[in-house]
Amino acid sequence: MAVGLLKKVGSDKILTEPLKHPDFFHLSELFSLKDLFDARVHLGHKIGCRHRLMEQYLFGCRLEQDILDLDQTMEHLQQALNFTAHVAYRRGIILFVSRNRQFTHLIESMARDCGEYAHCRYWQGGLLTNANVQYGKGVRLPDLIVFLSTLNNVFQQHVAVRDAAKMNIPTVGIVDSNCNPSLLTYPVPGNDDSGPAVELYCKLFRMTINRAKDKRRQMEILYGLKSQND
Amino acid sequence: MSKMAASSGRALKSFVQGCCGCSSVILPSIARNVILQKPAVTVLARLVCTSSTLQRKNIAAAGPEKYTQEFIKKQIEEFNIGKRHLANMMGEDPETFTQEGIDRAIAYLFPSGLFEKRARPVMKHPDEIFPKQRAVQWGEDGRPFHFLFYTGKQSYYSLMHCLRFIQLLERILALPYCSIEEEYIQRFRRALEVQSKKQKIEPLQYDENEVAFSIGEGRRKTATATATVRDNGSGNITVNGVDYLLYFPVLQDREQLMFPFQFLDRLGKHDMECKVTGGGRSAQAGAIRLATARALLSFITENEVESMRQAGLLTPDPRVKERQKPGQEGARRKFTWNKR
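The structure presented is a predicted model; accordingly, all values stated were derived computationally and were not measured.

Analysis parameters
Residues numbered from 1 in each chain as written. Chains lettered and ligands numbered in written order. Predicted model: local features only at pLDDT ≥ 70, side-chain atom pairs only at ≥ 80, totals over all residues. Heavy atoms only, no water. Helix = DSSP H or I, 4+ residues; strand = E, 2+ residues; numbered from the N terminus. Buried < 20%, exposed > 50% of the residue type's maximum accessible area, 1.4 Å probe, protein only. Areas by Shrake-Rupley, 256 points an atom, 1.4 Å probe, with all protein chains shown as cover. Contact = heavy atoms within 4.5 Å. Buried area = accessible area lost by both parts, 1.4 Å probe. Salt bridge = Lys/Arg side-chain N within 4 Å of Asp/Glu carboxyl O. Polar contact = N/O pair within 3.5 Å; in protein donor to acceptor, adjacent residues only side chain to side chain. Nonpolar A, V, L, I, M, F, W, Y, C, P; charged D, E, K, R; others polar. pLDDT = per-residue confidence, 0-100. Pairing = 2+ DSSP bridges. Right-handed = clockwise from strand over helix to strand, strands pointing away. Core = buried A, V, L, I, M, F, W, Y, C linked by side-chain atoms within 4.5 Å. Axes fitted to C-alpha atoms, helices over the stretch in contact; angles between N-to-C directions. Parallel < 35°, antiparallel > 145°, perpendicular 65-115°, else oblique. Left-handed = near helix turned anticlockwise from the far one by under 90°.

Peer 1: Just to check I follow, could you spell out the overall build of chain B for this structure?
Peer 2: Secondary structure summary: chain B contains 13 helices and 6 strands in total. Looking at chain B as a whole, 26% of its 340 residues qualify as buried. Accessible surface, chain B: about 25700 Å² in total, of which carbon and sulfur atoms supply 55%.

See below:
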């Protein structure tokens, strides 16, 4: 009985401890403004493709090409990575979605290395909203969906953004200057078309998730030992 | 009277469901007539008014009956025990009792005069009787096993990732004694016919001055051309006895003539002499181009032949003038439409 209580207290500690610190996983040391600039994250599309709601994230416009504000990107990216780390720490299912065929293989390999899931293929209509019919009874839906490109092949918003909002699943998404950031919980203004940019994002997400999982294991050992000693 | 019976029937239904915990449908008509025994467990009587139509819908939506792993395991245990009982009954050894023995035993113990073989009593291993269920794709904590589970077609999309598999197969085929496994590996391969083998390449001919030459023929849209390509030349081209600059004043036609040589980097090395009849200016140029390409086949290697084929130099252009149809002015143009 006492051991059971202690175990419960220990597990509470494991879950509440990270929430007390603003940057429990020290994610600010993973990237800097210079890294984002070198990876061409600040480049947007031409003025004609600009989305009305992205105007708040723009730094300016040069030779008819939109430039995103990297200071805002830094803040948003920090928050998004922090949230992803917390979800991974609590053993949530993370689903990476992107319909950019150039990076399908990269994203799927990255998801496989992390131990998380990826969906970079044709999105069938009822995957989230009709999950019991699509997969089977009692399936567990993703706890977080990360969009490395919120547009699909026809330059319309990906169906998963709307479906995740319907199913109350939080979303993190890289929004370019032609995307709609309104339905995402953690939008990150940034370039979603360049090779170096997407590779940088993949590297960052992989490192956050691995860090979060390692931290979880450490904390379990730590509090497991503590409750045993007490 | 009937209304009361109906409402009591529905109340009884909710009663029974509450007791048994299963959703078996009792037809309202039967519920009215049947005298139910008192249920063993006394349940609080709460009149739940549900219509029979709603309950029928739920049954339909559930789909075919699903069998759990434990259920099938239990069936397998019962089958094995039953097999041993049968063997004892027939006086045979339980350890070496085969399926044929079971069939014979059942046919002896339960003789059936039914004509339909599938209606006769049968005792088989549960794996053969119960339809195969898809194994659950996720673990106890709910996390799916495969990283592409959420795409729906995990095994199809994961093929792109097993690079090692493809490399391994190709390596196996490179080893000696590969013919043993070749059948298995051919299942993953589709034979592509090498198109260039269908090209017939004429051997080189030599004339009096021991200069190599070759003849090719080509057609395009009613124009026919015969071209003779000679080696050790300086890029002179003669068409019907006239220089090509005079015969084809348009640059586009001269470019068409030069294209085969330019593609093979042999612009100034060959002389060409050709005769062409029929067609118009562009058709004649196309015909000569095809003829030169075919003539040049004798001078070059197989890889260059394949690259020429992929460039489209050796394909005869099948486009011809489309015939005019009756009721229309031209091949596609219709007569002017009049409202009245």
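That covers the picture; the talk isn't over yet.
Peer 1: Mind showing me how you'd approach the overall build of chain A here?
Peer 2: Per the secondary structure count, chain A includes 7 helices and 8 strands. Expressed as a percentage of the 230 residues in chain A, the buried residues total 51%. A separation of at least 24 residues holds for 66% of the contacts in chain A among residues at least 6 apart in sequence. Put simply, chain A shows about 11400 Å² of open surface, and 53% of that area lies on carbon and sulfur atoms.

Peer 1: Please explain the interface of chain B and chain A as it appears in this structure.
Peer 2: By a frequent convention, interface size equals the accessible area lost on bringing the separate parts together. The partner chain A presents 24 residues to the 16 residues of chain B that form the contact. Note on chain B versus chain A: buried area summed over both sides is about 1900 Å², and carbon and sulfur give 54% of it. Among the residues chain B hides against chain A, the three largest losses belong to Arg143(B), Phe147(B) and Tyr150(B). Together they make up 42% of the total. Where chain B meets chain A, there are 1 salt bridge. For Glu116(A), the salt bridge is made with Arg143(B), and the minimal N-O distance between the two is 3.0 Å. At the junction of chain B with chain A, the criterion picks out 10 residue pairs in polar contact (both at pLDDT 80 or more). Residue composition of the side of chain B that touches chain A, by class: 9 nonpolar, 4 polar and 3 charged.

Peer 1: Just to check I follow, could you spell out the pattern of salt bridges for this structure?
Peer 2: When the charged atoms of two side chains with opposite charge come close together, those side chains can pair. Tallied over the entire structure, the rule returns 24 salt bridges over all chains. A salt bridge links Asp38(A) to Lys34(A); its shortest N-O distance comes to 2.9 Å. Of the two residues, Asp38(A) and Lys34(A) both sit in helix 2 (residues 33-38), 4 residues apart, roughly one turn of that helix. Of the charged contacts in the structure, one is a salt bridge between Arg118(B) and Glu116(B), with a shortest N-O distance of 3.2 Å. Three or more residues joined by partner-sharing salt bridges are found here, namely Lys13(A), Glu17(A) and Lys20(A).

Peer 1: Explanation requested: the confidence of the model for chain B in the structure shown.
Peer 2: Close inspection of predicted coordinates is inappropriate in any region flagged by low pLDDT. Per-residue pLDDT for chain B has a mean of 81; in total, 80% of the residues score no lower than 70. A low-confidence stretch, residues 1-31 of chain B (pLDDT under 50), is modelled with 31 contacts involving residues beyond four sequence positions or located in other chains.

Peer 1: Sorry if this is basic, but what is going on with unusual backbone geometry here?
Peer 2: All names here are of chain A. The backbone of glutamate 64 sits at a positive phi, close to 65 degrees, despite the residue not being glycine. Mapped onto the elements, glutamate 64 comes out in the loop between strand 2 (58-62) and strand 3 (65-68). Of note, the phi angle at phenylalanine 155 is positive, near 60 degrees, even though the residue is not glycine. Tracing the sequence through the fold places phenylalanine 155 in the loop between strand 6 (144-147) and helix 6 (159-166). Taking the relative accessible area as the measure of exposure, phenylalanine 155 reaches 65% and is therefore exposed.

Peer 1: I'm lost on the sheet that holds strand 3 (residues 223-230) of chain B in this one. Help?
Peer 2: Pairing between the strands of a sheet is mediated by backbone hydrogen bonds and can be parallel or antiparallel. All names here are of chain B. Spatially, 1-2-3-6-4-5 is the arrangement adopted by the 6 strands of the open sheet, whose pairing is mixed. Looking at the sheet topology across the chains shown, the edges are occupied by strand 1 (205-206) and strand 5 (242-243). In the sheet, strand 4 (residues 237-239) pairs with strand 5 via 2 bridges, with the strands oriented antiparallel. The residue of strand 5 that forms the bridge with valine 239 is valine 242.

Peer 1: I would appreciate a short explanation of the pairing of strand 7 (residues 171-175) of chain A in the present structure.
Peer 2: On a regular strand, each side chain points to the face opposite its neighbour's, so the side chains alternate between the two faces of the sheet. All names here are of chain A. Strand 7 sits mainly inside the fold: 5 of its 5 residues count as buried. Neither face of strand 7 is open: one carries Thr171, Gly173 and Val175, the other Val172 and Ile174, and all of them are buried. Pairing of strand 6 with strand 7 involves 3 bridges; the strand directions are parallel. Note on strand 7: the bridge partner recorded for valine 146 is valine 172. In this fold, strand 6 hands off to helix 6, which returns the chain to strand 7; that crossover is right-handed. With 4 bridges connecting them, strand 7 and strand 8 (residues 186-189) associate as parallel partners. Across the sheet, valine 172 pairs through a bridge with tyrosine 186, a residue of strand 8.

Peer 1: Mind showing me how you'd approach the nonpolar core here?
Peer 2: For soluble globular proteins, nonpolar side chains are generally found buried alongside one another. Counting residues in hydrophobic clusters, the biggest one holds 43 residues, and the most contacted among them are Val41(A), Ile94(A) and Phe96(A). Of all the elements in the fold, those that place two or more residues in this core are helix 3 (70-89), strand 4 (94-97), helix 4 (104-114), strand 6, strand 7 and helix 7 (195-229) of chain A. Looking at which element gives the most residues to this core, the answer is helix 7 of chain A, with 11 residues. Among all residues touching Val41(A), those that are not within four sequence positions of it are Leu36(A), Leu68(A), Leu70(A), Thr73(A), Gly190(A), Asn191(A), Ala197(A), Leu200(A) and Tyr201(A). Core analysis: the second largest hydrophobic core is formed by 30 residues, Ala223(B), Val276(B), Ala283(B) and Ala285(B) among them.

Peer 1: How should the sheet that holds strand 3 of chain A be read in this particular structure?
Peer 2: Residue and element names in this part refer to chain A. One open sheet accounts for 3 strands, arranged 1-3-2; its pairing is antiparallel. Single-partner strands in this sheet number two, and they are strand 1 (43-46) and strand 2. For this sheet, the mean inter-axis angle between neighbouring strands, taken without regard to orientation, is 30 degrees. Of the pairings in the sheet, the one linking strand 2 to strand 3 comprises 4 bridges and is antiparallel in character. Residue pairing across strands places leucine 58 opposite leucine 68, the latter belonging to strand 3.

Peer 1: Teacher, can you tell me more about the packing of helix 4 (residues 69-90) of chain B against helix 5 (residues 99-109) of chain B here?
Peer 2: For any two helices packed against each other, the geometry comes down to the angle between their axes and how far apart the axes lie. Residue and element names in this part refer to chain B. Where helix 4 meets helix 5, the axes come as close as 10 Å, and the angle between the chain directions of the two elements is 65 degrees. The angle between the axes of helix 4 and helix 5 places the two elements in the roughly perpendicular class. The way helix 4 lies across helix 5 gives a crossing that is left-handed. Contacts between helix 4 and helix 5 involve Phe79, Lys83, Leu86, Met89 and Met90 from the first element and Gln99, Ile102, Ala105, Ile106, Tyr108 and Leu109 from the second. Within the contact of helix 4 with helix 5, the residues separate by chemical class into 9 nonpolar, 1 polar and 1 charged.

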